[in-house]
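# Secondary and tertiary structure notes
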Amino acid sequence: MATIDPTRPLIATGNLRRRRVLDRVARGGAMAAAVLAVAVLLVVIATVLIKGSSQISFDFLTENPQKIDGTVGGGIANAIIGSALLIAVATAMALPIGVMIAVFLTEFSGAGRLARPIRLALDLLNGMPTIVIGLFVFGLLEEGGVQTGFAGSFALAIIMVPLISRTTGEMLQLVPRELRDASHALGVSRWRTTIGIVLPAALGGILTGTVLAIARAAGETAPLLLTCSLFNSNATTINVFGAAVPNIPMLIFTDYDSPYPIDHARAWGAALVLMAFILVGNLTARATLARQRRMIPR
Amino acid sequence: MESSRPETDVSDTPLMAPLVIGEQDPVSLETREVVFDLHDINVYYGAALALEDVTMKIHKNVITAMIGPSGCGKSTFIRSLNRMNDSISGFRLTGQALYHGNDLYATGVDPVEVRRRIGMVFQKPNPFPKSIYHNVAWAPRILGMRDGLDERVEKALRGAALWDEVKDRLDRSALGLSGGQQQRLCIARSIAIEPDVLLLDEPCSALDPIATASVEDLMHSLKRDYTLVIVTHNMQQAARVAERTAFFSLNVYDGQRTGVLVEYDDTTTIFTRPTDKRTEDYVTGRFG
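Keep in mind it's a predicted model, so treat the numbers as computed, not measured.

Residues and elements named next belong to chain B. When strand β1 (residues 34–45) meets strand β2 (residues 48–59), the two strands line up antiparallel, connected through eight bridges. Among the inter-strand pairings, phenylalanine 36 is bridged to a residue of β2, identified as isoleucine 58. Remark: two residues form the turn of the hairpin made by β1 and β2, two consecutive strands paired antiparallel; glycine 46 in that turn has positive phi of roughly 70°. The pairing of β1 with strand β4 (residues 91–99) spans eight bridges and is antiparallel. Bridge pairing links asparagine 42 to threonine 94 in β4.

Next up on the list: unusual backbone geometry. Residues and elements named next belong to chain B. Here the phi dihedral of aspartate 53 falls at roughly 50°; this positive angle occurs in a residue that is not glycine. Note on placement: aspartate 53 falls in strand β2. C-beta crowding within 10 Å serves as the criterion here: with 14 such atoms nearby, aspartate 53 is assigned to the partly exposed category.

What follows covers the nonpolar core. Core analysis: the largest hydrophobic core is formed by 144 residues, its most contacted members being Met160 and Ala270 of chain A together with Ala188 of chain B. Apart from the residues lying within four places of it in its own chain, the contact partners of alanine 188 of chain B are Val136, Ala156, Leu157, Gly159, Ala160 and Leu162 of chain B.

Okay, the confidence of the model for chain A next. Of the residues in chain A, 95% have a pLDDT of 70 or more, and the chain-wide mean is 87. Mean pLDDT across the elements of chain A ranges from a minimum in helix α2 (residues 58–62) of chain A, with 81, to a maximum in helix α6 (residues 149–174) of chain A, with 94.

Attention now moves to the interface of chain A and chain B. In this complex, chain A contributes 15 residues to the contact, which on the side of chain B involves 20 residues. Secondary-structure elements contributing two or more residues to the side of chain A that touches chain B are α7 (177–185) and α8 (190–218) of chain A. For the side of chain A that touches chain B, the element with the most residues is α7 of chain A, which contributes six residues. Taken together, the residues of the side of chain A that touches chain B break down into seven nonpolar, five polar and three charged.

One ladder, built from two bridges, connects β2 of chain B with strand β10 (residues 256–266) of chain B; its direction is parallel. Across the sheet, the residue bridging to glutamate 52 of chain B is valine 260 of chain B, located in β10 of chain B.

All names here are of chain B. At a minimum axis distance of 8 Å, the contact between helix α3 (residues 132–142) and helix α6 (residues 179–191) shows a crossing angle of 30°. On the basis of their axis angle, the class for α3 and α6 is roughly parallel. At the point where α3 passes α6, the crossing takes the right-handed sense. Every residue of α6 that contacts α3 at Ile132, Asn135, Val136 and Ala139 is listed here: Leu185, Ala188 and Arg189. Looking at the contact of α3 with α6 residue by residue, the class counts come to five nonpolar, one polar and one charged.

In a regular helix each residue adds 1.5 Å, so 29 residues correspond to 42 Å; α8 of chain A covers only 36 Å between its end C-alpha atoms and thus falls short of that length. When the local axis directions of α8 of chain A are compared, the greatest deviation, roughly 55°, occurs at leucine 203 of chain A.

Criteria and thresholds
Residues numbered from 1 in each chain as written. Chains lettered and ligands numbered in written order. Predicted model: local features only at pLDDT ≥ 70, side-chain atom pairs only at ≥ 80, totals over all residues. Pairing = 2+ DSSP bridges. Helix = DSSP H or I, 4+ residues; strand = E, 2+ residues; numbered from the N terminus. Buried ≥ 20, exposed ≤ 12 C-beta atoms within 10 Å, placed from the backbone. Core = buried A, V, L, I, M, F, W, Y, C linked by C-beta atoms within 7 Å. Contact = placed C-beta atoms within 7 Å. pLDDT = per-residue confidence, 0-100. Nonpolar A, V, L, I, M, F, W, Y, C, P; charged D, E, K, R; others polar. Axes fitted to C-alpha atoms, helices over the stretch in contact; angles between N-to-C directions. Parallel < 35°, antiparallel > 145°, perpendicular 65-115°, else oblique. Left-handed = near helix turned anticlockwise from the far one by under 90°. Expected span 1.5 Å × (residues − 1). Bend = angle between axes of the 7 residues up to and from the residue.

Structure (structure tokens):
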């Protein structure tokens, strides 16, 4: 027997009405929070765009700064080259190590009990404050000596390894088990199966994950602060192993510190270049990764 | 060729299509070399007993089929023959599994070498994401058979009755082939390394009837050079293809299901004059 009259009109009353209002408030609040998060991102992007776009020109990207007491002119070419070099060396170190860790964790059941502590260690490393990493590398490689780009790359590599290892592991696990079975059934050993079948199948995803890691490393300032910050800002240095190389994050840092407005403007321009690179890298890598995840046959 | 009239009374069984037994003569086993000699094989996954006390011999150049209801350990059994179960955690095998007199599970045995000689074709065709040529050529090259690779690939593809269909597109991706062609490619891939034994785990269950027929024809010609062991859900397929058939079933002990080998004999005998009632019930369709 129904406790309310079933023939009454189907509108909310009393307690239900109150709950509906609450429901709307909660939904509105959640949406507002999401909008706020997106708004913050958009505000940052907009600010950098507005303040930096006036600086962007072909000369800006291809000439070195001319920092002689606020002289107008020059660009950030040496910083772009330097950053590229630092990232290249860091990737050369982080990619093989990250891939090998992932291979060890997913392909070799000897990992077994070691897998969880190793994954935990990688997660902790990922969350380690980058200034601490910079300090560690400074103490390890540079204390009492000269700053080198290599040390900066080393610090960046430490930051990149957990990222590369995680994406690679994910991509390796997506490779269907039956491919490995087929190879084993042909009398091919584990290692050869990994190198000849599993890694090539996961290659696209591995590279995309590397691009994501590069996008992160490109913007890290703290590790470079201690390891690669004392350089000649007006010249191009390519001796990564012997000296500190100019790089974009440090350039932004020092330029904004300077009393000359022309240097501030240059900093904004450099910030725009950096942000554009990271945004483009992130967006394309994530889109490609999503597509690759869908394409792997299951 | 019709099956001979069964001596047991099956007049109260549900209607079934007549079983067509293949035209093989019953195998005279005394002269055949024994390839697998298995004694009291027990397989455990952790604490659970999956297969109990399997004892049988498998002979050279004979097609041996394993039939039985789902979950009775046929796949577990066949995968134990070439150490493919090693990667499953908790797997343990007791008893003696002799392959040409050598214990497969002795310490010091290299499972990679075991699989070099005992190949396997899986239920779902699993070609590598490479070209047709490289699918067949990859393993031989790795195993050191680099001379005459082209001839080896052609011979394998001919042996798998696939050469004529793919000879003009060897460098196209193997994933573009049809299901039946992919499965024959997997067979070609396996025979390219010249194994001794070929294990086939339900090779046709993912294929349409025409592709199935072509793979079954293939098996008849393959048995000249290889020993074949096939697991099949399809009784008629066992009847068409195999000379010897092993019937597996399930025993239930306190809720735990364990596979057992019920009967193992010539195919004709299994399907027309089975000794065990469980076999008779299964092949006449009363259960399973």
